[in-house]
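# Per-entry structural report
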Amino acid sequence: MFASTVKADDHSTCELPMTLNKKIGSMKEVCVITGGGSGMGFAAAKTIGKKGTYIIIVGRTLNKLERALKELRNEEIEAEAFACDISNRGAVDELVARASEVGIITSVIHAAGLSPNMGDAKTIMEANALGTINMNEAFYKAMHEDSCMIDVSSMSAYLIPSIVIPRKKYKYSRIDKDLFIKKMMSWINLFPKKLRAGVAYGISKNFVIWYAKTDALKFGMKGIRIISISPGSFETPMGELEKDRIDEYTKNSAIPRPGKVEEIAQLFEFCVSPKASYLTGVDILCDGGCVASREGAAGLRKKGIPDQ
Ligand SMILES: NC(=O)c1ccc[n+]([C@@H]2O[C@H](COP(=O)([O-])OP(=O)(O)OC[C@H]3O[C@@H](n4cnc5c(N)ncnc54)[C@H](OP(=O)(O)O)[C@@H]3O)[C@@H](O)[C@H]2O)c1
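What you see is a predicted model, and the numbers here were worked out from it, not measured in a lab. (Residues numbered from 1 in each chain as written. Predicted model: local features only at pLDDT ≥ 70, side-chain atom pairs only at ≥ 80, totals over all residues.)

A few words on the site of the ligand. Around the ligand there are 33 residues in total, and G35, G39, T61, G113 and M238 lie nearest to it. For the shell around the ligand, the elements supplying multiple residues, two or more each, are α1 (39-49), β4 (54-59), α4 (121-142) and α8 (237-241). Residues belonging to the shell around the ligand are distributed by class as follows: 14 nonpolar, 16 polar and three charged. (Near = placed C-beta within 6 Å. Helix = DSSP H or I, 4+ residues; strand = E, 2+ residues; numbered from the N terminus. Nonpolar A, V, L, I, M, F, W, Y, C, P; charged D, E, K, R; others polar.)

Before going further, it helps to spend a moment on helix α6 (residues 177-188). Spanning 12 residues, α6 covers 16 Å between terminal C-alpha atoms, matching the ideal 16 Å at 1.5 Å per step. Buried within α6 we find F180, M184 and I188. Projection of α6 onto a plane perpendicular to its axis shows the buried side chains occupying an angular sector of 65°, all on one side. With respect to the buried face of α6, the exposed residues turned more than 90 degrees away are D178, L179 and S186. (Expected span 1.5 Å × (residues − 1). Buried ≥ 20, exposed ≤ 12 C-beta atoms within 10 Å, placed from the backbone. Arc of directions from axis to C-beta.)

On to unusual backbone geometry, then. Negative phi values dominate among residues other than glycine, just as trans dominates among peptide bonds. Of note in the backbone geometry, E76 takes a positive phi value of approximately 60° without being a glycine. Of note, E76 is situated in the loop between α2 (62-74) and β5 (79-83). Exposure remark for E76: the 13 C-beta atoms within 10 Å place this residue in the partly exposed category. With a phi close to 70°, D146 is a non-glycine residue in the positive phi region. Looking at the element boundaries, D146 is found in the loop between α4 and β7 (148-152).

Within the protein, residue pLDDT values average 91, and 92% of them lie at 70 or more. The low-confidence segment residues 1-10 (pLDDT under 50) makes 18 contacts with residues lying over four places distant or belonging to another chain. Below a pLDDT of 50 lies the segment residues 14-20, which in the model reaches 18 contacts outside its immediate sequence neighbourhood of four places, other chains included. (pLDDT = per-residue confidence, 0-100. Contact = placed C-beta atoms within 7 Å.)

This part is about α4. Between its terminal C-alpha atoms α4 stretches 31 Å, which fits the 32 Å expected from 22 residues at 1.5 Å a residue. If you look at α4, its biggest bend is around 30°, right at G131. (Bend = angle between axes of the 7 residues up to and from the residue.)

Running from N to C, helix α3 (residues 89-102) and α4 cross one another at 30°; their axes reach a closest spacing of 9 Å. Taken together, α3 and α4 sit at an angle that is classed as roughly parallel. Handedness of the α3/α4 crossing: right-handed. Side by side, α3 and α4 meet where R89, V92, D93, V96, A99 and S100 of the first sit next to N134, M135, A138, F139 and A142 of the second. Taken together, the residues that form the contact of α3 with α4 break down as seven nonpolar, two polar and two charged. (Axes fitted to C-alpha atoms, helices over the stretch in contact; angles between N-to-C directions. Parallel < 35°, antiparallel > 145°, perpendicular 65-115°, else oblique. Left-handed = near helix turned anticlockwise from the far one by under 90°.)

Our next topic: the nonpolar core. Counting residues in each nonpolar core, the largest one holds 87 residues, and the members touching the most others are I33, A44, I55, I57, I150 and F268. Discounting residues that sit within four places of it in the chain, I57 has contacts with I33, G36, G37, G41, A45, L65, A68, L69, A79 and A81. (Core = buried A, V, L, I, M, F, W, Y, C linked by C-beta atoms within 7 Å.)

In structure tokens:
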């Protein structure tokens, strides 16, 4: 799947001619979208780009980004692509520098991530957890008042049993990132090999919620809002890979179908807009009621109350 990946230091940009153009003074409004080459990130690029915001889509695979960029161009969206691996801090710093050069960063939608079928436990942990640390740290420095950052988590963060979550070790992410990854991996390696990628995914996404929350005050002091959004099952390339496991969840949900990417793109758009100006430091679970359906029914059953 990732045959033609671009290494962090190979990153490159592909610019498009201007069409729509939303500006602050003479500066363009810029929205950076990691994972913008496919799935939810790409849907967000279309939704937000159509409002006139300049879009920078980010991913590792240049040809995926180029295909996405072509489609954005067909819809007259002003955009460019930046190929980099967000688990590499140096590459993320270069992304920040490029975005700041283009205009004022008004929003960042950090949707890049790897699911259990997309890599081994360490690669997943580095993309999802370390990637989020890199994105939040680097963009915090470049973002200004009234901007918004979204970190995309997952409903897996809610479904993973609490006994599996090494929450006390999360603090190392604020002290020493290498040590943090070592601590996470030594915990994950206690699990049988075939479970490790799934455990790494659940822990890394639970960490994303914790990290966004614990960044809220710091971001707030600069007038930046930060939110995490936890999708349930969505129709994306990743959703397709996890289909067998996830179908089991969706069929018993309050809304018994996977979400459409447009549905979450509109939530992203609302959250980064001034309409959500009082919203920060929270996680929004957008899962068609999947977690509520499981926890609610189980909770009632435990108390001996019939749920039907
Ligand atoms: N679809 C679902 O059912 C579902 C459910 C819960 C949570 N989520 C979360 O939602 C987010 C979006 O996923 P999606 O469903 O839209 O899947 P997707 O289409 O596979 O998008 C994920 C994107 O992330 C990029 N990416 C992965 N690792 C990266 C890295 N290290 N650096 C830069 N880019 C990277 C990928 O591009 P490259 O391969 O080119 O790098 C890809 O475009 C993810 O964080 C995922 O965990 C999805």
